[in-house]
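# Summary of the model geometry
Spelled out, the chains give:
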Amino acid sequence: MSGPNTDYDPVEVAAVSPAEVEAARDAALAAIAAAADLEQLKAVRSDHAGDRSPLALANREIGALPPQARKEAGQRVGQARGAVNQALAARSAELEVEHEARILVEESVDVTLPTDRDPVGARHPLTTGAELIADIFVAMGWEVAEGPVIEAEWLNFDALNLGPDHPARTMQDTFWTDPADDHVVLRTHTSPVQARTMLTRTPPIYVVCPGRVFRTDEYDATHSPMFHQVEGLAIDEGISMAHLKGTLDHFASQMFGEGITTRFRPSYFPFTEPSAEVDLVCFVCRGVDSDACRTCRGEGWIEWGGCGIVNPRVLQACGVDSSRYSGFAFGMGIDRTLMFRHGLEDLRTLFEGDVRFTTAFGSEL
Ligand code: DAH
């Protein structure tokens, strides 16, 4: 019977000798204690507890020892590794706490500091106002059309039944470009966009045309050489004055509030026949006890724009079959409309670019 081989010579494995293990452990503990932050501790962990660390290598050598030497060596290496791991965990916890504390100090924010000291600005009320108007019509299935501000005389006047000798030409104080022979003007109204639209599209046509217009007016609280208009044009079969009235009533109530309707007063425009001036129910007194109302000055109504049934001569000049189609058109000042809406007294506030005005009114619409 063979028993354990008790007189077997222990194999010398230097790495697991008490002195080596102790030295490796002490070196590890010293390095752990010296690690100043988590980053350094990570490197220490890899050097002293990683797969290639002296103690890990010593652990691997245990298998090469004779069986009777393994237990003692195993305990020695195991204790050393345990001590190192414990020290690593303790230092890591310590450094973690320090790290948190440092972040709280370094990344602290003074929430009492003032912020956003640069004004962010706002879109101009004329831009948002023109968009609001366009939206009201787009919601009814209309399209938005635009034309150039430097316009051919023919489109600004002749196509709209304002012939060369028409007295109404002098009613619109026109800026002419040089040389006069070019017959080019700064458009005096948005009505040439009607002509452009009819010339390029086939009916049915439903367009709204906001834009800048120019007249040689003085610059004062109610006039400006540059201002804004919005034109509307509907061309279809069987269009009547009733469609025009319904459309403008809807426009007025969307713009100024439920119950604000319009009335027509007979008037004259060369491009419409019949023609009318459009008034709005005064949106301040609503026509009730108007005598004391400063907005409509006792009238109960406020002038808003012009409108009418498109003159067949205009349809013909623009290539629309006037025996089949009829249409209505209207035009009003956007600036004036916004002055009503915001209770502005002076037209100039819309043009002078004071940011206090823009921020107060620009984003509101
Ligand atoms: N173009 C006219 C003006 O500037 C306004 C106007 C009146 C436009 C009647 C129209 C209209 O389309 O039908 O005074």
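Residues numbered from 1 in each chain as written. Predicted model: local features only at pLDDT ≥ 70, side-chain atom pairs only at ≥ 80, totals over all residues. Heavy atoms only, no water.

## A look at the side chain of Ser53
Tracing the backbone shows Ser53 in the loop between α2 (38-49) and α3 (54-61). Judged by its relative accessible area of 1%, Ser53 falls in the buried class. From its side chain, Ser53 meets the backbone oxygen of Gly50 in a polar contact 2.7 Å long. When sequence neighbours within four positions are dropped, the list of residues in contact with Ser53 reads Ser46, Asp47 and His48. (Helix = DSSP H or I, 4+ residues; strand = E, 2+ residues; numbered from the N terminus. Buried < 20%, exposed > 50% of the residue type's maximum accessible area, 1.4 Å probe, protein only. Polar contact = N/O pair within 3.5 Å; in protein donor to acceptor, adjacent residues only side chain to side chain. Contact = heavy atoms within 4.5 Å.)

## With respect to the nonpolar core
Among the nonpolar cores identified, the biggest contains 41 residues, and Phe251, Trp304 and Phe330 are the most heavily contacted of them. Put simply, the parts of the chain that give this core at least two residues each are α5 (125-138), β5 (226-236), α9 (241-256), β7 (272-281), β8 (301-310), β9 (326-333) and α11 (334-342). In contact with Phe330, not counting residues within four places along its chain, are Phe137, Trp142, Val230, Glu231, Gly232, Leu244, Leu248, Phe251, Gly306 and Cys307. Listed in part, the 22 residues of the second largest apolar core include Leu160, Val310, Val314 and Ala329. (Core = buried A, V, L, I, M, F, W, Y, C linked by side-chain atoms within 4.5 Å.)

## Focus: the environment of Gly238
Along the chain, Gly238 falls in the loop between β5 and α9. Given the relative accessible area of 55%, Gly238 is considered exposed. Taking C-alpha positions, Gly238 is 8.1 Å from Gly327, a pair spaced 89 residues apart along the chain. What Gly238 contacts, discounting residues up to four positions off in sequence, is His243 and Ser326.

## Things to note about the packing of α3 against helix α4 (residues 67-106)
Helix-helix packing is characterised by the crossing angle of the two axes and by the distance between the axes. Two elements in contact, α3 and α4, have axes separated by 10 Å at closest approach and are oriented at 155 degrees. It follows from the interaxial angle that α3 and α4 lie roughly antiparallel. When the axes of α3 and α4 are compared, the crossing they make is left-handed. Counted together, Leu55, Ala56, Ala58 and Asn59 of α3 and Val77, Ala80, Arg81 and Val84 of α4 form the full contact between these two elements. (Axes fitted to C-alpha atoms, helices over the stretch in contact; angles between N-to-C directions. Parallel < 35°, antiparallel > 145°, perpendicular 65-115°, else oblique. Left-handed = near helix turned anticlockwise from the far one by under 90°.)

## What about the pattern of salt bridges?
In total, this model carries 12 salt bridges according to the counting rule given. With its nearest N and O atoms 3.1 Å apart, the salt bridge here joins Arg76 to Glu72. You can see Arg76 and its partner Glu72 sitting in helix α4, four residues apart, about one turn around the helix. Glu151 is the salt-bridge partner of Arg196, the closest N and O atoms lying 2.8 Å from each other. With Arg196 in helix α8 (residues 191-200) and Glu151 in strand β2 (residues 150-152), this residue pair connects regions lying 45 residues apart in the sequence. Under the relative-accessibility criterion, Glu151 is labelled buried at 1%. Three or more residues joined by partner-sharing salt bridges are found here, namely Arg263, Arg265 and Asp279. (Salt bridge = Lys/Arg side-chain N within 4 Å of Asp/Glu carboxyl O.)

## Let's talk about the environment of Phe214
Topologically, Phe214 is positioned in strand β4 (residues 205-214). For Phe214 and Phe227, which are 13 residues apart along the polypeptide, the C-alpha to C-alpha distance reads 6.5 Å. Not counting chain neighbours up to four residues away, the residues in contact with Phe214 comprise Val149, Asp173, Phe175, Leu186, Arg187, Thr188, Pro225 and Met226.

## A word on α4
Given a rise of 1.5 Å per residue, 40 residues ought to cover 58 Å, and the 57 Å separating the end C-alpha atoms of α4 matches this to within 8%. Regarding α4, the residues found buried are Ala69, Ala73, Val77, Ala80, Val84, Leu88, Arg91, Ser92 and Leu95. Buried residues in α4 make contact with α1 (18-34), α2 and α3. (Expected span 1.5 Å × (residues − 1).)

## A few points about the site of the ligand
Lining the immediate environment of the ligand, one finds 16 residues, of which His189, Ser191, Arg215, Gln229 and Glu231 sit closest. Here an oxygen atom of the ligand and a side-chain polar atom of Glu231 are 2.5 Å apart. Take Phe330: an N or O atom from its main chain is 3.4 Å from an oxygen atom of the ligand. Contact with the protein chains covers 92% of the free accessible surface of the ligand, which is 350 Å². At the level of secondary structure, the elements contributing two or more residues to the shell around the ligand comprise α8, β5, β8 and β9. Partitioning the shell around the ligand into residue classes produces five nonpolar, nine polar and two charged. (Near = heavy atom within 4 Å. Areas by Shrake-Rupley, 256 points an atom, 1.4 Å probe, with all protein chains shown as cover. Nonpolar A, V, L, I, M, F, W, Y, C, P; charged D, E, K, R; others polar.)

## What to know about the UniProt feature "binding site: Mg(2+)" (unreviewed entry) in the protein
Taking the UniProt record as the reference, the feature "binding site: Mg(2+)" (unreviewed entry) is found at Glu273. For Glu273, the location among the structural elements is in strand β7. Here Glu273 is in contact with Ile309 and Asn311, once residues within four sequence places are set aside. (UniProt positions renumbered as here; feature names shortened; annotations may be inferred.)

## A closer look at the state of the cysteines
Summed over the entire model, instances satisfying the criterion amount to zero disulfides. Between Cys282, a cysteine without a disulfide, and Cys285, which holds the nearest cysteine sulfur, the sulfur-to-sulfur distance is 3.7 Å. (Disulfide = S-S within 2.5 Å.)

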